[in-house]
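# Structural description and commentary
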Amino acid sequence: MNPTYSLEQLVPYIRQHSNFYSKHLEHLPSKGITLKDLPLTDVSDYWAGSNDLSHWPVLTGNVDDALVFKTGGSTSQGKLAVYSCEEWQTLVSTFGNSLSSQLNNGDRVANLFFSGDLYASFLFIHDSLAHVGRSICEFPFTGDVELDVLADAIERYRISVLAGVPAQLLRFCAYLAQHRRVLCGVETLLYGGESLFAPQLAILGEVFPNARIASIGYASVDAGLIGASDRDCALGEHRVFDQQTLLEIVDEHTGEVIEECDRTGLLVLTNLTRRLMPLLRYPVGDRACWREPAATPRRKFALKGRGAHSQRIRVGVLSLFTEEIHEIVQRVAHSEQWQLLIEQTGTKDLLSVKWVPDPQLQAVDSMLRALHEALLAHYPAIDNLIRQGLLELRVLACATTDLKLHPRSGKQLRVLDSRVYDVLPLEPV
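Not measured: the values here are computed from a predicted model.

Before going further, it helps to spend a moment on the overall build of the protein chain. Helix and strand content of the protein chain: 11 helices and 20 strands. Here the C-alpha radius of gyration of the protein chain, 23 Å, is about what a compact globule of 429 residues would show, namely 22 Å. The 429 residues of the protein chain split such that 50% are buried. Expressed as a percentage of contacts within the protein chain between residues at least 6 apart in sequence, the contacts between residues at least 24 apart total 66%.

And the structure:
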């Protein structure tokens, strides 16, 4: 049984059993509440105390017959997310059914998502593949498989589909290119967990010349189901799970619900299948726009990057924003692959922007200088800190394989902060 609740059934239950939502919705009447009456959930307040499941006020009951995962995306810190076992089966069966459109009978699928340390993606894809309406064969390698072992296995076992996070697929691609190997038998690349960008398609196409590239679908361990991937979806496009979710796009500044096409706003999700860890008008962190008119069944939307509340990194008195750095690297160097490394030597902070140039680029040195100048122009405080001897800025060209991945998810880390925060005070002599 895969229960789905109406909003009229869900809200009274959540108000009664979740201390967080009881307070969050206390200003609303007891009956007659519609979606537009519900306030947006404050994500910071929602996750406060989530590491103590016995006292987390969001939950509506005890974590007994349940699965516990860690969430945190591309950051090194994580929060705990929980599903009842019944809710998990609803999640994977629904997602697996939607995944059927991207697979063919006889496909041999390499599951290259990551597992361990409470990370959900490998188990999620593994369980979802069991509900695909196609006769397929899964090869559960995980993302930790050695690249040479994977390359040999793909040829030996005639694997036709690779499923993994873009950073891992690109890392494998760089390995194949380095060893001058081309895998013509791979027919489909399914990516998930983060976005894949147009310039990266050509790189993948060089070593997988016969592969169709598509999203495996859009879900997260905290929010659950968000978007399904169909064959008619372009890069970054997905379709709404009509029965399981209420998906909105709202103006980031005014909170106005957006219905017209091609106007970008913040994705907001209400999950109709989860009661243990409920989500009512929960901002998932991504921006999107509608691609089809209102009332279209399984309405299509397109992702448009992260929301305005991006991760802020403090380096001394300097505040850096990952979305701003991404825009600079994309605009100046025409690349999506970069990483920020923060280190400390004595009293000086060392800030390194590592960037992967196009293999055909000849003028790497001039591009490095252009990136350096663009960063200084956008963050003039950097120059002041350099003159004070408090900061050193480096822009470095590197290979894809030099970029560090998240140890659990395999996602490319945008920020590596190697500074030591937990230094114990010296004991008095």
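Additional details are given in the paragraphs that follow.
Ranked by size, the top nonpolar core spans 68 residues in total, and within it Leu 38, Tyr 46, Ile 226, Leu 267, Met 277 and Phe 301 carry the most contacts. The biggest single contributor to this core is helix H4 (residues 85–99), with 5 residues. Residues within four places of Ile 226 in sequence aside, it is in contact with Tyr 218, Ala 219, Ser 220, Arg 239, Val 240, Phe 241, Leu 247, Leu 267, Leu 269, Val 284 and Phe 301. If you look at the next biggest cluster of nonpolar residues, it comprises 26 residues, including Ala 333, Val 353, Leu 371 and Ile 382.

We now examine the layout of surface pockets. Space inside the second largest pocket adds up to approximately 550 Å³. Ile 203, Val 356, Pro 357, Asp 358 and Pro 359 are the residues nearest the centre of the second largest pocket, which is lined by 26 residues in total. Going through the elements one at a time, helix H7 (166–178) and helix H8 (198–207) are the ones with two or more residues in the lining of the second largest pocket. Among the elements that take part in the lining of the second largest pocket, H8 stands out by supplying 6 residues, more than any other. Classifying every residue of the lining of the second largest pocket by side-chain character gives 17 nonpolar, 6 polar and 3 charged.

Further remarks concern the sheet that holds strand E20 (residues 415–417). Ordered by their spatial adjacency, 4 strands build an open sheet running E19-E18-E17-E20, and the pairing between neighbours is mixed. Where the open sheet ends on each side, the last strands, each with one partner, are strand E19 (391–397) and E20. Ignoring which end each strand starts from, the neighbouring axes of this sheet average 15° apart. As paired elements, strand E18 (residues 348–355) and E19 share 7 bridges and run parallel to each other. Its bridge partner lying in E19, Leu 351 is registered against Leu 393.

Turning to helix H5 (residues 121–129), its buried residues are Ser 121, Phe 122, Phe 124, Ile 125, Ser 128 and Leu 129. Around the axis of H5, the buried residues are gathered within 165° of arc, so they sit on the same side. For H5, the elements touching its buried residues are H4, strand E3 (108–111), strand E4 (137–139) and strand E8 (218–220).

The subject of this paragraph is the environment of Asp 232. Here Asp 232 is to be found in the loop between strand E9 (224–228) and strand E10 (237–240). According to the relative accessible area criterion, Asp 232 is partly exposed, its value standing at 44%. Once the C-alpha coordinates of Asp 232 and Val 58 are considered, the two residues, 174 residues apart in sequence, prove to be 37 Å apart. Aside from chain neighbours lying at most four places away, what touches Asp 232 is Glu 237, Arg 239 and Lys 300.

Turning our attention to the confidence of the model for the protein chain. Model confidence for the protein chain is summarised by a mean pLDDT of 89, while 91% of its residues fall at 70 or above. Note on residues 421–429: pLDDT under 50 across the span, and 0 contacts to partners over four residues away in sequence or across chains.

If a residue is not glycine, its phi is most likely negative; likewise, a peptide bond is most likely trans. Despite not being glycine, Asp 262 has its phi angle at roughly 65°, a positive value. By the element assignment, Asp 262 lies in the loop between strand E11 (245–250) and strand E12 (265–271). The class for Asp 262 is exposed, based on a relative accessible area of 52%.

The next thing to look at is the pattern of salt bridges. Taken as a whole and assessed by the stated rule, the structure comprises 20 salt bridges. Across the pair Glu 237 and Lys 300 runs a salt bridge, and its minimum N-O distance is 3.5 Å. Taken together, the residues span a long stretch of sequence, with Glu 237 in strand E10 and Lys 300 in strand E14 (residues 300–306) at a distance of 63 residues. The exposure class of Glu 237 is buried, given its relative accessible area of 12%. On the basis of relative accessibility, which here comes to 9%, the residue Lys 300 falls in the buried class. With its nearest N and O atoms 2.7 Å apart, the salt bridge here joins Arg 287 to Glu 252. Residue Arg 287 is located in strand E13 (residues 282–290), and its partner Glu 252 is located in the loop between E11 and E12; the two are separated by 35 residues in the primary sequence. When salt bridges that share partners are traced, they join Asp 230, Asp 232, Glu 237, Arg 239, Asp 262, Arg 291, Glu 292, Arg 298 and Lys 300 into one network.

So, about empty space enclosed by the protein. Taken as a whole, this structure holds 2 cavities of 30 Å³ or more when the rule is applied. Considering only enclosed or pocket space, the largest cavity measures out at about 40 Å³ in volume. Forming the walls of the largest cavity are Leu 320, Ile 325, Leu 340, Leu 351, Val 353, Leu 375, Tyr 379, Ile 382 and Leu 393. Per-class residue counts for the lining of the largest cavity are 9 nonpolar, no polar and no charged. The calculated volume of the second largest cavity comes to roughly 30 Å³. Forming the boundary of the second largest cavity are Ala 167, Arg 171, Gln 337, Thr 400, Leu 403, Leu 405 and Gln 412. Grouping the amino acids of the lining of the second largest cavity by side-chain chemistry returns 3 nonpolar, 3 polar and 1 charged.

Rules of the game
- Residues numbered from 1 in each chain as written.
- Predicted model: local features only at pLDDT ≥ 70, side-chain atom pairs only at ≥ 80, totals over all residues.
- Heavy atoms only, no water.
- Helix = DSSP H or I, 4+ residues; strand = E, 2+ residues; numbered from the N terminus.
- Rg over C-alpha atoms; globule rule 2.2 N^0.38 Å.
- Buried < 20%, exposed > 50% of the residue type's maximum accessible area, 1.4 Å probe, protein only.
- Contact = heavy atoms within 4.5 Å.
- Core = buried A, V, L, I, M, F, W, Y, C linked by side-chain atoms within 4.5 Å.
- 1 Å grid on protein atoms, 1.4 Å probe; cavity = no way out; pocket = protein on both sides within 12 Å on 5 of 7 lines; lining within 4 Å.
- Points joined across faces, edges and corners; volume = space filled by probe spheres on them.
- Nonpolar A, V, L, I, M, F, W, Y, C, P; charged D, E, K, R; others polar.
- Pairing = 2+ DSSP bridges.
- Axes fitted to C-alpha atoms, helices over the stretch in contact; angles between N-to-C directions.
- Arc of directions from axis to C-beta.
- pLDDT = per-residue confidence, 0-100.
- Salt bridge = Lys/Arg side-chain N within 4 Å of Asp/Glu carboxyl O.

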